[in-house]
There are 2 protein chains.
Amino acid sequence: VVVQLIPVEGIPEVRPGDDPTRILLNALAASAIALQNGDVVIVTQKVVSKAEGRLVPELPVGKAGWVTQETRRIVARRGDTVIAETAHGLVCANAGVDASNVREGFLTLLPKDPDESAERIRAEVQRQLGVAVGVVITDTFGRAWRRGLVNVAIGCAGLPALVDLRGTRDAQGRVLEATVVALADEIAAASGLVMGKADGVPMAIVRGLRMGGPPTPAGAMVRPAGEDLFRTGEGGEP
Amino acid sequence: VVVQLIPVEGIPEVRPGDDPTRILLNALAASAIALQNGDVVIVTQKVVSKAEGRLVPELPVGKAGWVTQETRRIVARRGDTVIAETAHGLVCANAGVDASNVREGFLTLLPKDPDESAERIRAEVQRQLGVAVGVVITDTFGRAWRRGLVNVAIGCAGLPALVDLRGTRDAQGRVLEATVVALADEIAAASGLVMGKADGVPMAIVRGLRMGGPPTPAGAMVRPAGEDLFRTGEGGEP
């Protein structure tokens, strides 16, 4: 089955108090795209943060001040680069504080509870259209040992963020032992193919996915400290 | 523009000496899929490794023996889990030595030069069909701070593995400062949506991408030691 990645064009600049679901549905109507059961709606963190009032003035504390506020644990630091763990348990540059696609003099912070933000959009689409969709909220992260950024899922509703294949068999009939697939991160990364950073396309639809299993939030993808083989750096428990 | 992810069904079990391009073109012909200029062909490591004779008997050295052979540096270890850097500079579980989708008693090692493997397929498609495609060879990696696996690109030809947006402007007109997108990894992760581990679909096509810039190999995504903020563990230079 072919999977389609569909950019949602014509999203206006989002302001505090805006309703992301209304923005989505207006843009879909203008593009004559009808949501279908099983579609997954991708929304960038930037849209959600702006709508939820997580747009903050850079001054007087400066970007570094906001990064400190958003940081639960510093994982690594070199020069101006801070890799930090946020209150959500996300490990990313500058604790998610970011200036791209934000107007001069302002910054966005990550949504307080991106899984809840995703669930609100999912429930509202269900209520208004009667269509069962999944929702993934993305941000753009670096990786420890690989250059370049990819989108990851920081919020997820209506689909399993992780798909546990342990105990199922591969094409050879061998039992798969260590195979938990990060479905929500696959979807997030795929959405990057139609929502380039410079293009101002902050929403997309993924159509045609098979999604088995009960929904789980993006928070399920956060690796707990006890499983972290790379737990180093300042602060926090060892 | 809509991007399509198209699974290539009906790939037979691959044996040492098989030609991956012939397997691809046979399967496409059987599915009545015609390659187009700008398509990206995704091939899993498993197909390439088997074709290139990187299928090895587990005994007498055992999986641990093969992992040691394939390891340049141990990055972390806990119990049976070894996160190792390979000769390619890839950081992954068991240095890429893997038993899934391999017949009992055998293991696959990563291709010796996956960028060259990708380039061979690309050049052969160009020669036989006169069609200019990109090729990405994928493997399934874990992540330091996130649960679940995603496909990454270990080989790449005919497209830029990294797209450098630094100096371009975002939708607000702000100059993007730190935005290098890992296009080949986005493509690899997206392919996971149509090539489930348990499904025996080891090839896929991504259609409709815009790919600016000169081709660069997947090797360009390997973070050099000097940029590595998380360089710990046994062996190797500090």
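Residues numbered from 1 in each chain as written. Chains lettered and ligands numbered in written order. Predicted model: local features only at pLDDT ≥ 70, side-chain atom pairs only at ≥ 80, totals over all residues. Heavy atoms only, no water.

**Re the sheet that holds strand E12 (residues 203-207) of chain B**
At step 1: Sheet architecture is open: ten strands sit in the order E9(A)-E8(A)-E2(A)-E12(A)-E1(A)-E1(B)-E12(B)-E2(B)-E8(B)-E9(B), paired in mixed fashion. Either end of the sheet is taken by a strand with one partner, and the two such strands are strand E9 (150-157) of chain A together with strand E9 (150-157) of chain B. For this sheet, the mean inter-axis angle between neighbouring strands, taken without regard to orientation, is 25°.
At step 2: Here strand E8 (residues 134-141) of chain B pairs with E9(B) via seven bridges, running antiparallel. Across the sheet, Asp139(B) pairs through a bridge with Val152(B), a residue of E9(B).
At step 3: Across the sheet, helix H5 (residues 183-191) of chain B touches E9 of chain A together with strand E1 (3-8), strand E2 (40-44), E8, E9 and E12 of chain B, and the angle it forms with E9(B) is around 130°. (Pairing = 2+ DSSP bridges. Helix = DSSP H or I, 4+ residues; strand = E, 2+ residues; numbered from the N terminus. Axes fitted to C-alpha atoms, helices over the stretch in contact; angles between N-to-C directions. Contact = heavy atoms within 4.5 Å.)

**Digging into the relation of the copies chain B and chain A**
At step 1: Superposition of chain B onto chain A requires a rotation of 180° combined with a translation of 0.0 Å along the rotation axis, giving an RMSD of 0.0 Å. Viewed as a symmetry operation, the transformation between the two copies matches a two-fold axis. (Least-squares fit on C-alpha atoms with pLDDT ≥ 70 in both.)

**Topic: the pairing of E12(B)**
Residues and elements named next belong to chain B.
At step 1: The buried count for E12 comes to five of five residues, which makes it a mostly enclosed element.
At step 2: Burial of E12 is two-sided: the residues Met203, Ile205 and Arg207 facing one way and the residues Ala204 and Val206 facing the other way are all buried.
At step 3: Here E1 runs beside E12; their pairing, made up of five bridges, is antiparallel. Residue pairing across strands places Ile6 opposite Ile205, the latter belonging to E12. (Buried < 20%, exposed > 50% of the residue type's maximum accessible area, 1.4 Å probe, protein only.)

**Quick word on unusual backbone geometry**
At step 1: Backbone torsion omega between Leu59(A) and Pro60(A) reads 10°, so that peptide bond is classified as cis.
At step 2: The topology assignment puts Pro60(A) in the loop between strand E3 (55-57) and helix H3 (62-70).
At step 3: For Asn94(A), which is not a glycine, the phi torsion comes out positive at approximately 55°.
At step 4: Residue position: Asn94(A) is located in the loop between strand E6 (91-93) and strand E7 (106-108).
At step 5: Accessibility expressed as a relative area gives 19% for Asn94(A), which makes it buried.
At step 6: The phi angle at Ala95(B) is positive, at roughly 50°, despite the residue not being glycine.

**Quick notes on the confidence of the model for chain A**
All names here are of chain A.
At step 1: Chain-level statistics for chain A give a pLDDT mean of 92 and a share of 95% at 70 or above.
At step 2: Low pLDDT, under 50, characterises residues 233-238; the predicted model gives this stretch nine contacts beyond four residues in sequence or across chains.
At step 3: Under the prediction, the complex receives an ipTM of 0.94, its pTM being 0.94. (pLDDT = per-residue confidence, 0-100.)

**Considerations on the packing of helix H5 (residues 183-191) of chain A against H5(B)**
At step 1: For the pair H5(A) and H5(B), the least separation of the axes is 8 Å and the interaxial angle reads 135°. Judged by the angle between their axes, H5(A) and H5(B) are oblique. For the pair H5(A) and H5(B), the sense of crossing is left-handed. Taken together, the residues of H5(B) that come into contact with H5(A) (itself represented by Glu186(A), Ala189(A) and Ala190(A)) are Glu186(B), Ala189(B) and Ala190(B).
At step 2: Along the lines of polarity and charge, the residues of the contact of H5(A) with H5(B) split into four nonpolar, no polar and two charged. (Parallel < 35°, antiparallel > 145°, perpendicular 65-115°, else oblique. Left-handed = near helix turned anticlockwise from the far one by under 90°. Nonpolar A, V, L, I, M, F, W, Y, C, P; charged D, E, K, R; others polar.)

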